Amino acid sequence: MADNDKYPTESGRRRFVKGVVGAGVLAGVGSGAAAAIGTATDPTGAGGGITEFVGIENTEGPAPRGMPVIPIQIADNGDIGGVWPEVQTVEEQGQEIQIAETQLGGQTYSSEWFQYCGIQTYAGIQPDADQENTFFSAADSPYDWQNEELSEGDPLNVSQFEDYEGFETGVGTPGGKPAMANWRSQDVEGSQTIPVQVIRSQEVIEMRQQGGPLGEFIQAATTEDGFMAWLDKCTHFCCVPAFKAYSDSTRFGAANDVYCQCHQSVYDPYSWIASSFVALPRPEGDGGE
Ligand code: FES
C-alpha cells in the first residue's frame, strides 16, 4: 500500500456537465485542516484534488487527519450499508469524467473522500462500479461476538446489534457494539477490499442532539438508533485500526477510542470534524466517456 498521500497530486477545477452543480467542492477549506493543500503537480487520472470531508477526529499519534465517515443506510430487511453518492459526469481538465457526489446534510459527500492509501485504484471506488453498498462481515474480526455469530460475507443487520447498550468487547468501559465489515468489494481481489467499521452506541444517539456546524450532517449520516460507520484505513500508513479491540490501546489512553496498532494513532469516533486533504486521482482512463 503506497503512502501516496505524502506526494499528492492536485487536479484542477471542474464544472458539472450533467447533474447537480456542486459549488462547494473547492470552496471553504474546512476548519482544523492540516492537510498539505496547495502542493500542485501535473494532474494524472480522474477525480481527486483538494477535498473537504467529514471524518472521525484523529486525537493522538502520527496520523495527519481523521478517517472519513460513511453515511449509514438501512434496508427494509434491516441490512446495514453505506450511502454511495450520486454518479454524475463532470468536466475536468477539458475531459468528461464520472464522479460520485451528493449534497447531504449541508456537506458535499463525495467518493473522493475515500481516495487515499491506494483505495483510489480499487474497483469499488469507481463511481459507477456494480457493487453492493451493504456492509458484509469481514474475516478475522478482532471481536469475539462477530467471529462466533457471523461468517465472512454475512450482511450486517440491525438485529445483530440489539444488545449494544453496555456491550463489552473486553477493552475499555462497556457500551457500544462494534463490527468490522467490507464495503463495495464483491468479487474483487483481496487486496482491493474496502475496510469499514460500524458501531451502534448510545454516544451516537447523543451526538445527534448536539447541533453545531456538523449537526445536520450527523443527523443525515447516522441513524436514530445509534448506527455510524467510517472507512477504516488509518490516514498515517494505511493500517486497519479498531474500536475497543486491542488491549495495548490502554497504555496509550485509547481504550475507549479507535486505536491503530501500527504507530499508535488514536481516533475518537464520537467527535466528527470537517477537514480537507488532497484526494489522489483514480487511474488514468477510468470513468471517462
Ligand atoms: S498509526 Fe501508522 S498506520 Fe496507523
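Taking an unreviewed UniProt entry as the reference, the chain is identified by name as Ubiquinol-cytochrome c reductase iron-sulfur subunit belonging to Halomarina ordinaria.

Now for the packing of aromatic side chains. Taken as a whole, this structure holds 14 aromatic pairs when the rule is applied. Here the aromatic rings of Tyr109 and Trp113 are separated by 5.0 Å at their centres, their planes lie at 80°, and the arrangement is edge-to-face. Between Trp145 and Phe161, the aromatic rings sit 5.5 Å apart at their centres with planes inclined by 70°, giving edge-to-face as the arrangement. Highlighted residues: Trp145 in helix H1 (residues 144-149) and Phe161 in the loop between H1 and strand E10 (177-183), separated in sequence by 16 residues. Neither Trp145 nor Phe161 differs from the other in exposure class; each is buried. Among the aromatic residues, ring-to-ring pairing joins Phe53, Trp84, Tyr109, Trp113, Phe114, Tyr116, Phe135, Trp183, Phe217, Trp272 and Phe277 into one connected group.

With antiparallel pairing, 5 strands are arranged side by side in an open sheet as E3-E2-E15-E14-E13. Both outer strands of the open sheet, strand E3 (67-68) and strand E13 (242-243), are each paired with one neighbouring strand and no more. Bridge count between strand E2 (residues 49-60) and E3: 2 bridges; the pairing is antiparallel. Along E3, the bridge assignment pairs Ile56 with Met67.

If you walk across this open sheet you meet the 4 strands as E9-E10-E11-E12, and the pairing is antiparallel. Strand pairing shows two members of the sheet lacking a second neighbour, strand E9 (136-137) and strand E12 (227-231), which therefore form its edges. Across 5 bridges, strand E11 (residues 194-200) lies against E12 in antiparallel orientation. Among the inter-strand pairings, Ile199 is bridged to a residue of E12, identified as Met228.

One pass over the structure, following the stated rule, counts 2 disulfides. A sulfur-sulfur distance of 2.0 Å marks the disulfide that ties Cys117 to Cys238. Between Cys117 and Cys238 the sulfur-sulfur dihedral comes to about -90°; the bridge is accordingly left-handed. On the criterion of sequence distance, the pair formed by Cys117 in the loop between strand E8 (107-110) and E9 and Cys238 in the loop between E12 and E13 is long-range, its members being 121 residues apart. Considered together, Cys117 and Cys238 belong to a single accessibility category, that of buried residues. Two residues, Cys239 and Cys262, share a disulfide whose sulfurs are 1.9 Å apart. One disulfide, between Cys239 and Cys262, carries an S-S torsion of -90° and so falls in the left-handed class. Residue Cys239 is found in the loop between E12 and E13, and its partner Cys262 is found in the loop between strand E14 (258-259) and strand E15 (266-279); the two are separated by 23 residues along the sequence. Using a relative accessible area of 35% as the deciding quantity, one classes Cys262 as partly exposed.

Rules of the game
- Residues numbered from 1 in each chain as written.
- Predicted model: local features only at pLDDT ≥ 70, side-chain atom pairs only at ≥ 80, totals over all residues.
- Heavy atoms only, no water.
- Phe/Tyr/Trp six-rings, centres within 6.5 Å; stacked < 30°, edge-to-face > 60°.
- Helix = DSSP H or I, 4+ residues; strand = E, 2+ residues; numbered from the N terminus.
- Buried < 20%, exposed > 50% of the residue type's maximum accessible area, 1.4 Å probe, protein only.
- Pairing = 2+ DSSP bridges.
- Disulfide = S-S within 2.5 Å.

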